[in-house]
Amino acid sequence: MSEIRKLSVFCGSSVGARPEYIDGARSFGKLLAQRGIGVVYGGSNVGLMAALANEVADNLGDVTGVIPQALVEREVANMSLDDLRIVGSMHERKALMAELCDGFVAMPGGIGTLEEFFEVWTWAQLGMHDKPCGLLNIAGYFDPLLAFVDRAVEEKFVRPVHSAMVIVERDGERLLDRFAGYEPPRVAKWISAATT
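Asks: Got a minute to help me understand the pattern of salt bridges in this structure?
Replies: Oppositely charged side chains can form a pair if their charged atoms are brought close together. In this structure the tally under the stated criterion is twelve salt bridges. Notably, a salt bridge pairs Arg35 with Glu173, separated by 2.9 Å at the nearest N-O pair. Within this pair, whereas Arg35 is found in the loop between helix 1 (19–34) and strand 2 (38–41), its partner Glu173 is found in helix 8 (residues 172–180), the two being separated by 138 residues in sequence. Connected through salt bridges with shared partners, the residues Glu3, Arg5 and Asp102 form a single ionic network.

Next comes the structure, spelled out in structure tokens:
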């Protein structure tokens, strides 16, 4: 069982094309604050990132922003945060976010969101951490990605047990409930070609 005190949340520096995305970010931020779960995020003051962080803060929740120096001006760092950590690189950002949290959630976002989520999922698959990884599938945003993962399983590039590590929910309450009961699988990453 996982005690979730802080979650790293990866999401877009844009608000996206649908109002459901920003509404979902705000709802999830409020829910996290209500449950006493802190947020670690990319430290930006734009897009879904800002919507999430501001909602947590507005509801007296704990927010930690982590942003590389090179992006402070480009992404418009959220200087209103009590805990804004400026680091030297994207690598340092991801490492610190992972260190500070008890689990990872991706919400709708672009290439950076996907890259960050796939990295922590890979770390989980390799047994480098045992923290839950989840997708908050607002408005079905991740449905095509999930279909691709299913294809990777069918083609034997991803094992079913590793695909199943990712907790997917459209509802934030259900996602957090499943995080609380998460038990990481205990399997080796690599298996011989003869057993695939």
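Asks: Would you mind going over the packing of aromatic side chains with me for this structure?
Replies: Each aromatic ring pair is described using two quantities: the centre-to-centre distance and the angle formed by the ring planes. In total, this model carries five aromatic pairs according to the counting rule given. Ring plane angle 45 degrees and centroid distance 6.3 Å describe the contact between Phe117 and Trp121, whose orientation is recorded as tilted. Pair noted here: Phe117 and Trp121 are both in helix 5 (residues 111–125), with a separation of four residues, about one helical turn. The exposure class of Trp121 is buried, given its relative accessible area of 9%. Ring centres 5.0 Å apart and planes at 80 degrees place the aromatic pair Tyr141 and Phe142 in the edge-to-face group.

Asks: It is not clear to me how helix 5 should be interpreted in this structure. Could you clarify?
Replies: In this model helix 5 runs 21 Å from its N-terminal to its C-terminal C-alpha over 15 residues, within 8% of the 21 Å that 1.5 Å per residue would give. Within the sequence span of helix 5, burial applies to Thr113, Glu116, Phe117, Val120, Trp121, Ala124 and Gln125. Just downstream of helix 5 lies Gly127, where phi reads positive at about 80 degrees.

Asks: Is there a simple way to explain helix 4 (residues 90–100) in this structure?
Replies: The periodicity of an α-helix, 3.6 residues per turn, causes residues three or four positions apart to be oriented the same way. For helix 4, the set of buried residues is Arg93, Lys94, Leu96, Met97 and Ala98. Its side-chain oxygen placed 3.4 Å from the backbone nitrogen of His91, Ser89 serves as the N-cap of helix 4.

Asks: Mind showing me how you'd approach the packing of helix 1 against helix 2 (residues 47–58) here?
Replies: The relative placement of two packed helices comes down to the angle between their axes together with the axis-to-axis distance. Packing of helix 1 against helix 2 leaves a shortest axis separation of 7 Å and a crossing angle of 30 degrees. On the basis of their axis angle, the class for helix 1 and helix 2 is roughly parallel. The way helix 1 lies across helix 2 gives a crossing that is right-handed. Two secondary-structure elements touch here, helix 1 through Tyr21, Ile22, Ala25, Arg26, Phe28, Gly29, Lys30, Leu32 and Ala33 and helix 2 through Leu48, Ala51, Leu52, Glu55 and Val56. Partitioned by chemical class, the residues of the contact of helix 1 with helix 2 number ten nonpolar, one polar and three charged.

About the thresholds
Along each chain, the written sequence defines residue order, and numbers are assigned to residues from 1. Reporting in this predicted model follows two pLDDT cut-offs: at least 70 for local features of residues, and 80 or more for side-chain atom pairs to be given and counted; totals over whole chains, interfaces and linings ignore these cut-offs and use all residues. With hydrogens and water excluded, all non-hydrogen atoms of the structure serve as input to the side-chain values. Note on definitions: salt bridges are taken to be side-chain nitrogens of Lys or Arg within 4 Å of carboxyl oxygens of Asp or Glu. Numbering goes from the N terminus for both helices and strands, where a helix is a DSSP run of H or I of at least four residues and a strand is a run of E of at least two. Any two rings among Phe, Tyr and Trp, with Trp reduced to its six-membered ring, count as a pair given centres within 6.5 Å; such a pair is stacked if its planes are under 30 degrees apart, edge-to-face if over 60, and tilted if neither. For every residue, the accessible area obtained with a 1.4 Å probe (protein chains only) is divided by the maximum for its type, and the residue is called buried under 20%, exposed over 50%, and partly exposed between those limits. By this rule the span expected of a helix is its residue count minus one, scaled by 1.5 Å. Definition of a polar contact: a pair of N or O atoms within 3.5 Å, with one able to donate and the other able to accept a hydrogen when the atoms are protein atoms, and with sequence-neighbouring residues admitted only if both atoms are side-chain atoms. Axis angles are defined between N-to-C directions and span 0 to 180 degrees, where every axis is a line fitted to C-alpha atoms and, for a helix, only to the segment in contact. For classification, angles of less than 35 degrees are called roughly parallel, those exceeding 145 degrees roughly antiparallel, those between 65 and 115 degrees roughly perpendicular, and all remaining angles oblique. Left-handed is the label given to a crossing in which the near helix is rotated counterclockwise from the far helix by less than a right angle, and right-handed is the label when the rotation is clockwise. Working rule for contacts: check all heavy atoms of both residues, and any pair within 4.5 Å makes them a contact. Ten residues, namely Ala, Val, Leu, Ile, Met, Phe, Trp, Tyr, Cys and Pro, are considered nonpolar, four, namely Asp, Glu, Lys and Arg, are considered charged, and the remaining ones, Gly among them, are considered polar.

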